[in-house]
Amino acid sequence: MKIVDSHCHLDGSAFAKDRSTVIDRFKNVGGQAMVIAGIDEKSSRAAVTLAGKNERVYASVGIHPHDATTCNPDVLSKLQQLAQHQKVVAWGEIGLDFNRMYSPRNVQEQAFVAQLALADSLGLPIIFHERETGGRFLAMLNAHPNPGRSGVVHCFSGNRNELEHYLALGFYIGITGIITLKQRGKNLRELVTAIPSDRLLVETDAPYLTPAPEKNRTRRNEPAFVRSVLMKVAEVRQEDPETFSEIVWQNTCHLFQLPVS
């Protein structure tokens, strides 16, 4: 099977001691490509550096809503320069998060709008982050439309109405290890069958959101575990895993324009 992790944070300190081994384990399960998502200037630089040193690693650059207070013209200019690197395939992760409110709402919204415009001007697909915004995320997307915009709603955990709106906007839907969890993943398992096969991506969000059964033996998620996410999605949708893995691979290549065969 062709395995791809469309969203992880391999640049983080959780992988400082064994990052190369983690990449090898990913390759050993059939890993073809992984995308390291930037969350601020520092992590975006680290992601690009790792992508430049590893054939199957790609990067995105951007400022996460938690870090929206760091979003200013100077930082955006530096990220724009980083985005010129041949291994940068997306802008993000960006969006709104009204759950923990690490950055004030108005600051998050200003950073979101600024980055939407920048990603659009560069023609890059966008990795979106949305959590508990009560419709504000969709309202802002509708207020700042772009017919040519592409992207993925990372770690989808919304309701059916939100899902339908994301699909209508042409976005892909990213599914994480949450789908493997008995209680927390119940709603996601019900909704994943409503997603067209050509709009699905799988991801780990490593080192977070460890899927089952790996969750029973380790707290740290890693890209190799995306295989468990893929297998569970295929099971819930009653699709052949090998055929489904090819579909997900093609979806990921199409969205991020991965320069791989």
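Residues numbered from 1 in each chain as written. Predicted model: local features only at pLDDT ≥ 70, side-chain atom pairs only at ≥ 80, totals over all residues. Heavy atoms only, no water.

J.: Account for the packing of aromatic side chains, naming residues and giving values.
T.: Ring pairs (aromatic) are described by centroid distance and by the angle formed between their planes. Tallied over the entire structure, the rule returns 6 aromatic pairs. With a centroid separation of 6.0 Å and an interplanar angle of 75°, the aromatic rings of Phe137 and Tyr166 are classed as edge-to-face. Here Phe137, found in helix α5 (residues 136-143), pairs with Tyr166, found in helix α6 (residues 160-168); they are 29 residues apart in sequence, far enough to count as distant. The exposure class of Phe137 is buried, given its relative accessible area of 1%. For Tyr166, a relative accessible area of 2% gives the class buried. Taken together, the ring pairs connect Phe112, Phe128, Phe137, Phe156, Tyr166 and Phe171 into an aromatic cluster. The cationic tip of Lys87 hangs over the ring face of Tyr58; the distance from NZ or CZ to the ring centre is 4.8 Å. (Phe/Tyr/Trp six-rings, centres within 6.5 Å; stacked < 30°, edge-to-face > 60°. Helix = DSSP H or I, 4+ residues; strand = E, 2+ residues; numbered from the N terminus. Buried < 20%, exposed > 50% of the residue type's maximum accessible area, 1.4 Å probe, protein only. Lys NZ or Arg CZ within 6 Å of the ring centre and 35° of its normal.)

J.: Requested: an account of α5, with residues and values cited.
T.: Regarding α5, the residues found buried are Phe137, Leu138, Met140 and Leu141. End-on, the buried residues of α5 take up no more than an arc of 160°, which puts them together on one face. As for α5, its buried residues are in contact with β4 (88-97), α4 (105-122), β5 (126-131) and α6. (Arc of directions from axis to C-beta. Contact = heavy atoms within 4.5 Å.)

J.: So what's going on with the environment of His144? Residues and values would help.
T.: Within the fold, His144 resides in the loop between α5 and β6 (151-153). Along the chain, His144 and Glu130 lie 14 residues apart, while their C-alpha atoms are 16 Å from each other.

J.: I'd love a proper account of the sheet that holds strand β1 (residues 3-8), names of residues and values included.
T.: Here 8 strands make up an open sheet; going across it, the order is β1-β2-β3-β4-β5-β6-β7-β8 and the pairing parallel. Every other strand in the sheet has two partners, leaving β1 and β8 (200-202) as the edge strands with one partner each. If you compare each strand with its neighbour and ignore which way they point, the axes differ by 25° on average. Relative to β8, strand β7 (residues 172-175) runs parallel, the two sharing 3 bridges. Looking at the pairing, Ile175 lines up with Val202 of β8. Its contacts with the sheet place helix α3 (residues 73-82) against β3 (57-61) and β4, and it is angled at close to 145° to β4. Where helix α8 (residues 226-237) meets the sheet, it contacts β1, β7 and β8, and its direction lies at approximately 145° from that of β8. (Pairing = 2+ DSSP bridges. Axes fitted to C-alpha atoms, helices over the stretch in contact; angles between N-to-C directions.)

J.: Please set out the environment of Ile3 residue by residue, giving values where relevant.
T.: In this fold, Ile3 is placed in strand β1. When the C-alpha atoms of Ile3 and Ser121 are compared, they prove to be 31 Å apart, with 118 residues separating the residues in sequence. Apart from the residues lying within four places of it in its own chain, the contact partners of Ile3 are Phe26, Val29, Gly30, Gly31, Gln32, Ala33, Val226, Arg227 and Leu230.

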